[in-house]
Each structure stands twice: as structure tokens, then as C-alpha cells.
Amino acid sequence: SDEAGRATHPRGATIVLWQQPAKEEGCDLSESGNLLSVVGTIVSFERSSSGYCQGWAHPSSESSFKAIDLSREEGSRGLTLYDFFEQREVDREYQRAWSANPDLREVQEDSCGPTPSVDRFAFHHVVRDKVKLRVSVGQGCTAGGGYTTEMELLLKPRRQLLVALRAADKAGSLMNRLAPFR
């Protein structure tokens, strides 16, 4: 099918977030996505892909979050947590989350190591003057592809973002409402 996830750029252009890959002889490939949060022009989504082609040793699959700013020009839309939060606070919260969560410790102890990333996040919900985020933590070296688990971070955003987060919370466009079972 030609299903795709699309968003509209503030100037009216359509931006494709994910879409089905082109058909390839001897291959069965698919891609899908889920919208996770929308805060002003910041869109977070989960993109999942899977597939198998003749001659591959095993099927492949991967899933991760991505956050982009629709107001930025193509090629520079990607965001990181450091765009919104102090790097020292992000790093400290990462360490706290790693050490407090047994599932994450298991990922960390895997022979290939964890692949946490500051650009794979979604805004989950507002807690007073902070925001809870979900960060996808992938494991890209396992046979058959990587698996993903989620890390929860609690961070204090810069003031301008906090205003936008409160508006998004009121509008129901944070992850706790758009993807309520996570």
C-alpha cells in the first residue's frame, strides 16, 4: 500500500514522516509509524520498519522515535534534547534512569552495548514546571535487527518550551493522550 505519515509545514508544504518502501524483487519490506506528540511545530513520532529479502541470513526490524521541527528547512529539522534542556541536566537524568531501571541495565549489559540517543524522544506529560519524556533506547546489533525499549526522563524545559508544552497538554497532543498505553 502507499500509506504514509504526513505533516504540514507551517508554510503549507507536505512533509512525509514515513512511508512504505518501494517494491523490490524478492523482498518483503514495510514501514509504519505512530504520532507520539505535537508541541507547536515540534512533532515526535515512532517509525518502525521490518523486512526480509531473499539471501538475507534473517529478517530485519527496527523501531525508534524521532523528533523534528516542521518550521526548519529540510535537512535541518532534526532535534536533540540539548535544544530544549541543559546538557548537564540531561546527562545527569540519563545516568539516573539507566541505574534505576533493571530493563535498561539488561540492555546496557548486552554484548553490543546500549544505543541511547538524545534525538529519539517524545514529550509525554507536564509535571508542574517539568516535563516527562520518553526516549527510545535501541539495540541495533541483535540477530534479526534491533529491539527498542523506552527510558523515562523528567527534565525542566526552558521557559518558552514550557509555555508550548502547557498549551499542547491542554490540547491533548502530548504522548500520554496520543499514545495513552505507553
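Here, every reference points to the structure presented above.
Owing to the predicted nature of the structure, the values given are computational and were not obtained by experimental measurement. (Residues numbered from 1 in each chain as written. Predicted model: local features only at pLDDT ≥ 70, side-chain atom pairs only at ≥ 80, totals over all residues. Heavy atoms only, no water.)

(A) Here's a closer look at the packing of aromatic side chains. Applying the stated criterion to the full structure yields five aromatic pairs. Both rings, one in tyrosine 52 and one in tryptophan 56, keep their centres 6.3 Å apart while their planes meet at 75°; by these two values the pair is edge-to-face. For tyrosine 52, a relative accessible area of 35% gives the class partly exposed. Measuring from centroid to centroid gives 6.3 Å for phenylalanine 84 and phenylalanine 121, while their planes differ by 75°, and the two rings are edge-to-face. Of this pair, phenylalanine 84 sits in the loop between strand 5 (60-69) and helix 1 (87-100) while phenylalanine 121 sits in strand 6 (residues 115-127), placing them 37 residues apart in sequence. By relative accessible area, phenylalanine 84 is classed as buried at 11%. Taken together, the ring pairs connect Phe84, Phe85, Phe121 and Phe123 into an aromatic cluster. (Phe/Tyr/Trp six-rings, centres within 6.5 Å; stacked < 30°, edge-to-face > 60°. Buried < 20%, exposed > 50% of the residue type's maximum accessible area, 1.4 Å probe, protein only. Helix = DSSP H or I, 4+ residues; strand = E, 2+ residues; numbered from the N terminus.)

(B) View of the state of the cysteines. A complete count under the given rule lists one disulfide for this structure. What pairs with cysteine 27 in a disulfide is cysteine 53, and their sulfur atoms sit 1.9 Å apart. Here the disulfide of cysteine 27 and cysteine 53 is right-handed, its torsion about the S-S bond being about 115°. Taken together, the residues cysteine 27 in strand 3 (residues 27-39) and cysteine 53 in strand 4 (residues 42-53) connect sequence positions 26 residues apart. Owing to a relative accessible area of 6%, cysteine 53 belongs among the buried residues under this scheme. (Disulfide = S-S within 2.5 Å.)

(C) Here's a closer look at helix 1. Here helix 1 contains 14 residues, and its C-alpha end-to-end distance of 20 Å stays within 8% of the 20 Å for a straight helix at 1.5 Å per residue. When we look at burial in helix 1, the residues that qualify are Glu89, Val90, Glu93, Tyr94, Ala97 and Trp98. Seen from one end, helix 1 has its buried residues packed into an arc of 165°, which puts them on one side. More than 90 degrees from the buried face of helix 1, the exposed residues found are Arg88, Arg92 and Gln95. (Expected span 1.5 Å × (residues − 1). Arc of directions from axis to C-beta.)

(D) The arrangement of the nonpolar core in detail. Residues Leu81, Phe85, Tyr94, Phe121, Phe123, Leu133 and Leu153 are the most contacted members of the largest nonpolar core, which totals 26 residues. Going through the elements one at a time, helix 1, strand 6, strand 7 (130-139), strand 8 (147-155) and helix 3 (159-171) are the ones with two or more residues in this core. (Core = buried A, V, L, I, M, F, W, Y, C linked by side-chain atoms within 4.5 Å.)

(E) Broad picture of the pattern of salt bridges. Going through the model one piece at a time under the given rule, you end up with seven salt bridges. One salt bridge connects lysine 132 with glutamate 152, and the closest N-O pair in it is separated by 3.1 Å. Pair noted here: lysine 132 is in strand 7 and glutamate 152 is in strand 8, with a separation of 20 residues, a long-range link. Of the charged contacts in the structure, one is a salt bridge between arginine 134 and glutamate 152, with a shortest N-O distance of 2.7 Å. Of the two residues, arginine 134 sits in strand 7 while glutamate 152 sits in strand 8, which places them 18 residues apart along the sequence. A relative accessible area of 12% places arginine 134 in the buried class. Judged by its relative accessible area of 33%, glutamate 152 falls in the partly exposed class. Each of Lys132, Arg134, Glu150 and Glu152 takes part in salt bridges that share partners, so that together they form one network. (Salt bridge = Lys/Arg side-chain N within 4 Å of Asp/Glu carboxyl O.)

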